[in-house]
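# Results of the structural survey
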Amino acid sequence: MPAEKVLISVLGSDRPGIVAAVSRVLSENECNIEDVSQTILQSEFAGVFMASLPEGLSMEALESKLTAHLQPMGLAVLLRPVKESEKYQAPPSQPFVITTFGPDRLGLVAGMTEIMARFGVNIKNLRAAFRGGSDPRRNVMIYEVDIPLHIDQQAFRKALRQRADDLGLDLSLQHRDIFEAVHRI
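Residues numbered from 1 in each chain as written. Predicted model: local features only at pLDDT ≥ 70, side-chain atom pairs only at ≥ 80, totals over all residues. Heavy atoms only, no water.

For the rest of this paragraph, the subject is the packing of helix 3 (residues 108-118) against helix 4 (residues 153-166). At their nearest, the axes of helix 3 and helix 4 sit 9 Å apart, and the two run at 165° to each other. The pairing of helix 3 with helix 4 is recorded here as roughly antiparallel in orientation. By crossing handedness, the relation of helix 3 to helix 4 is classed as right-handed. Touching Gly111, Met112, Glu114, Ile115, Met116 and Arg118 of helix 3 are Phe156, Ala159, Leu160, Arg163 and Ala164, all from helix 4. In terms of residue class, the contact of helix 3 with helix 4 is made up of seven nonpolar, one polar and three charged. (Axes fitted to C-alpha atoms, helices over the stretch in contact; angles between N-to-C directions. Helix = DSSP H or I, 4+ residues; strand = E, 2+ residues; numbered from the N terminus. Parallel < 35°, antiparallel > 145°, perpendicular 65-115°, else oblique. Left-handed = near helix turned anticlockwise from the far one by under 90°. Contact = heavy atoms within 4.5 Å. Nonpolar A, V, L, I, M, F, W, Y, C, P; charged D, E, K, R; others polar.)

What follows is the structure, encoded as structure tokens:
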């Protein structure tokens, strides 16, 4: 029987040692970290850990231990079981990077992602930084996406470009391999 998997979200004010504290509790309780992603949004820490639980340790017991250790650091913890049957089955696709630059305004993320959702494009990673003002170099969104092979690529590109124009954004759409080659140091 495969080990039970749990998704652990940790949120709070950023400071050194958060990942170490979470991973220490997981290690002490024999939980294997299978995947982790963390970022800083302005001054706030957001981390997501995928871990497998050892036999005999319940998700509730782990949540109690994490909360006891992390709450004094001002961190909030949320756990959710991961069910294999709920896994999204992605259609065959190609990886792309969509980048936008432009003046900050309400609705930028909603406007761009609505087009992606309409065409069944899955966002794998998103980094958006809005620093305000009309200087487009201060406001950037970078979407790492999987574009399904079965969609009308030309219609998708046209709809994406039209939405970017409507929002006053400069748009770049590149295959991930090309994006990485261009941005390699």
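The next thing to look at is the nonpolar core. If you look at the biggest cluster of nonpolar residues, it comprises 22 residues, and the most contacted ones within it are Ile8, Val10, Leu62, Leu66 and Leu70. Of all the secondary structure elements, the ones that give two or more residues to this core are strand 1 (5-13), helix 1 (18-28), strand 3 (44-52), helix 2 (59-70) and strand 4 (76-82). Looking at this core element by element, the count peaks at five residues for helix 1. Listed in part, the 21 residues of the second largest apolar core include Phe96, Ile147, Leu160 and Leu169. (Core = buried A, V, L, I, M, F, W, Y, C linked by side-chain atoms within 4.5 Å. Buried < 20%, exposed > 50% of the residue type's maximum accessible area, 1.4 Å probe, protein only.)

Throughout the structure, instances matching the rule amount to one aromatic pair. Residues Phe119 and Phe156 carry aromatic rings whose centres are separated by 5.3 Å and whose planes lie at 65° to one another, so their mutual orientation is edge-to-face. Of this pair, Phe119 sits in the loop between helix 3 and strand 6 (122-130) while Phe156 sits in helix 4, and the two are 37 residues apart along the sequence. There is no split in this pair, since Phe119 and Phe156 are both buried. (Phe/Tyr/Trp six-rings, centres within 6.5 Å; stacked < 30°, edge-to-face > 60°.)

Now for the pattern of salt bridges. Applying the stated criterion across every chain yields a total of four salt bridges. Residue Lys5 pairs with Glu34 through a salt bridge whose shortest N-O separation is 3.1 Å. Of the two residues, Lys5 sits in strand 1 while Glu34 sits in strand 2 (residues 32-41), which places them 29 residues apart along the sequence. With relative accessibility at 21%, the residue Lys5 sits in the partly exposed group. On the basis of relative accessibility, which here comes to 37%, the residue Glu34 falls in the partly exposed class. The closest approach of N and O atoms between Asp146 and Lys124, which form a salt bridge, is 3.9 Å. Taken together, the residues span a long stretch of sequence, with Asp146 in strand 7 (residues 139-148) and Lys124 in strand 6 at a distance of 22 residues. (Salt bridge = Lys/Arg side-chain N within 4 Å of Asp/Glu carboxyl O.)

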